[in-house]
Structure formats: C-alpha cells, structure tokens
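A look at the structure
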Amino acid sequence: MNFTNETVIALQNKDYSDQVLYNALLLEGDAEQELFELARERRHEFFPDNRAQARSVIEISNLCRQQCRYCSIGGKDQKHNYSLNAEQMVMLMNYLYENGRRVVLLQSGENPSENFIKDTIAAVKSIKTKYPDFRIILCMGDLSKDQYQRLYDAGATDYVIKFEASNEELFKYCKPNDSLSNRLECIQNLYEIGYRVSSGNIVGLPRQTIDDLVSDLKLLHELPLKMNSTTIFIPAENSAFANEPAGDPVRTLNMMALMRIMNPDRLMPTTSSLEKMIDDGQYKGLMAGANTVTIHDGTPEELQEYFPIYSTHRVRPQIDHFRDILKRANMTADIC
C-alpha cells in the first residue's frame, strides 16, 4: 500500500522517535486506517499464515494482596474468596484439552501463598505429563524467583505480567502496594529462568498523558518479550477509580497498532475489555494487528462473578464469537 499520512510513512521507515509515536497515538479517520494497514503488513511479515492463537482462560484464584486502584479484585466489597485446588485445575484443563484447546491461561490475583503455589505446580505438572503439547501460560503477578522457577520446572512456559505504567509516579498512584522497579525485576527474573514473557500497559489511566503512553511504547520495545498487550481502562465498580472516566478506544487501538509495528514478531491479544467498550471491539483489535484471542470457557460458571477485574459485568467471549471475528479478519486458528 502507498501510504499518504506522513506519520505512517515515518513509521514505515522505522522512525520511532517520540514525536512520531505521539502523533501516531492521536491519529483518527483515514490516517488511523493507514496505521492499521501498516500494522497488518508488519504482522504478515512474521506470521504469513495469518494464524491467530486461541487461548482458553481459567481464573484459578481471586485472592490478591495488591489492591490496585483500578481493579475490583481484593477490595472490601468482594463477595467471595476462592482458590481452586490442584484436582480442580487438572479437571478443568483436561476438559479444555479434550475440547480442542492447546493453549491455556491460568490467571489469578496476586496470591503468593505456598499452598496455592504448590497446588498450581502440581496441576501444571500433572497436565503436562498427560498432554506434553499443552501450552500453559501463567498470569499470577509478583512472585519470588524461586516460585517462578518451580512453576517453570513443572511445565509452565509463558508468563503474563504487565508493568501497567512506565511512569513511576503514575505506577505508584495506581498500584500503591507495588513499585515499577519490583515489577521490572520480576520480568527480568522470568526472562532469566526461560519463560516467554508478556508485558504491557493500560490506556486511559487517571493522570496518564500521551507522553506516558509514548514512554510505555519505548519500554515495551526494550524489554525481552515474546508477547505484548494493552488494555483499555474501564472504571471498575468496586475499585478506587470507580468514578473516573473510561479510556479512549481510539487511543487503545492506535497503541495496539504501534505495538505491532514496533515489535512485529510478538504475539498480541485483542482483549475482552475492548469488546465491552465498543461494538466489534475484538474484531477491530485484530484489524489493528492483534493475533491472539482469549476464549472465556474455562472458569466454572458459578465462580465467574467473583473474578471481576475491570467490571462486575464482564464480557466473556466464547468460541463462536472467536470464529466469527477471525473469519471477518481473514485469519485462521487450529481450533477452527
């Protein structure tokens, strides 16, 4: 494609200067569509078969020590606390595998309890022994390097740990019980152990600026990642940020496109939060360069309301939705 927008042309020539990235985040209309086209071109260079990864998610615990101000989990109004035991995790992963899934994301609040870690290790080891080709991704927050190592030794190979915000003051404002330096140390520990690491940010956080987003993009580009992602900020009903304005979907999609353009060889999801914020949100994420979709078919129905993250009324896309958006995006996946 012959691009006409000067910012997109600069990106095509791999100019990732602050001003170019700043301008790109603000693109709308035809210029934004050119940005998305460039993102898809970059994706095709490294993923020429147009294949998307399908992930099933199991939310294995809603216990969390962090109390991030943008999240409903761990708040004072939480109705019910739960942690699945090893037997329950194995049963659910076995169900998913038998239904054609080959990638599972085990997600929890930040729960470093040794009993919980041991249960997760036992479940991962058991299912990997039975199904060696099952790819297990963990998203469990800040743990010790020893805990990361034992989970890896059990068979987990991927880890999702967002830094959320590269501005230290903004990070502390949003996550008062953590620090950016600690988060980055966790990323380094995971990388040294051998995990395929994913990280990313949130677009639209209170007090966040466009310059902050530019810094997020540059940090993502520097980190040793195999996956990256962004999530749109949604004011969760039971969180400290419940009355703050939501993030901008246009800015979020532009962030996704820039992540793809700058890091074309990485996996990148299109999130259910986009689907909640705008019509056809996950499809638009694919058109902005994403190549991963999470299918919410692993968490037991009776527990789903107790894992609210960005909202107590979450969108939980199922397999039919996944097939539909992939077909319209001219993409494929093994489970289709």
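Residues numbered from 1 in each chain as written. Predicted model: local features only at pLDDT ≥ 70, side-chain atom pairs only at ≥ 80, totals over all residues. Heavy atoms only, no water.

Our next topic: unusual backbone geometry. The backbone phi angle of Asn-50 is positive, close to 55°, even though this residue is not glycine. By secondary structure assignment, the location of Asn-50 is in the loop between helix H3 (29–46) and strand E1 (53–61). For Asn-50, a relative accessible area of 22% puts it in the partly exposed group. A positive phi angle, close to 55°, is found at Gln-67, a residue other than glycine. Tracing the sequence through the fold places Gln-67 in the loop between E1 and helix H4 (86–98). Classification of Gln-67 as partly exposed rests on a relative accessible area of 45%. (Helix = DSSP H or I, 4+ residues; strand = E, 2+ residues; numbered from the N terminus. Buried < 20%, exposed > 50% of the residue type's maximum accessible area, 1.4 Å probe, protein only.)

In this section: the sheet that holds strand E5 (residues 196–203). Spatial strand order, E6-E5-E4-E3-E2-E1-E8-E7: 8 strands in an open sheet with parallel pairing. Two strands close off the open sheet at either side, each with one partner strand: strand E6 (227–232) and strand E7 (269–270). Those strands touched by H4 are E1, strand E2 (103–108) and strand E3 (135–139), and its axis lies near 160° from that of E1. Across the sheet, helix H13 (residues 319–328) is in contact with E1 and strand E8 (292–295); its angle to E8 comes to roughly 160°. (Pairing = 2+ DSSP bridges. Contact = heavy atoms within 4.5 Å. Axes fitted to C-alpha atoms, helices over the stretch in contact; angles between N-to-C directions.)

The end-to-end C-alpha separation of helix H5 (residues 114–130) is 24 Å, in line with the 24 Å expected for 17 residues at 1.5 Å each. Considered for burial, the residues of H5 that qualify are Phe-116, Ile-117, Thr-120, Ile-121, Ala-123, Val-124, Ile-127 and Lys-128. For H5, the arc enclosing every buried residue in end-on projection is 165°, short of the 170-degree limit, so these residues lie on one face. Facing away from the buried side of H5 by over 90 degrees, the exposed positions are Asn-115, Lys-125 and Thr-129. Here the buried face of H5 lies against E1, H4, E2, E3 and helix H6 (145–154). (Expected span 1.5 Å × (residues − 1). Arc of directions from axis to C-beta.)

To continue, consider the packing of helix H2 (residues 18–25) against helix H9 (residues 210–222). Relative to each other, H2 and H9 sit at 115°, their axes nearing to 9 Å. As H2 runs across H9, the sense of the crossing is right-handed. Contacts between H2 and H9 involve Asp-18, Leu-21, Tyr-22 and Leu-25 from the former and Ile-210, Asp-211, Leu-213, Val-214, Leu-217 and Lys-218 from the latter. Taken together, the residues of the contact of H2 with H9 break down into 7 nonpolar, no polar and 3 charged. (Left-handed = near helix turned anticlockwise from the far one by under 90°. Nonpolar A, V, L, I, M, F, W, Y, C, P; charged D, E, K, R; others polar.)

Let's shift gears to the nonpolar core. In a soluble, globular protein the nonpolar side chains are often hidden away together inside. With 101 residues, the main nonpolar core has Leu-11, Met-93 and Tyr-195 as its most contacted residues. With 8 residues, the top contributor of residues to this core is helix H10 (residues 249–262). When neighbours within four sequence positions are excluded, Tyr-195 is seen to be in contact with Leu-138, Tyr-148, Leu-151, Tyr-152, Ala-156, Thr-157, Asp-158, Tyr-159 and Leu-190. Grouped together as the second largest cluster of nonpolar side chains are 6 residues, Val-103, Leu-105, Ile-137 and Cys-139 included. (Core = buried A, V, L, I, M, F, W, Y, C linked by side-chain atoms within 4.5 Å.)

Note that all results are geometric; they support no functional claim without further evidence.
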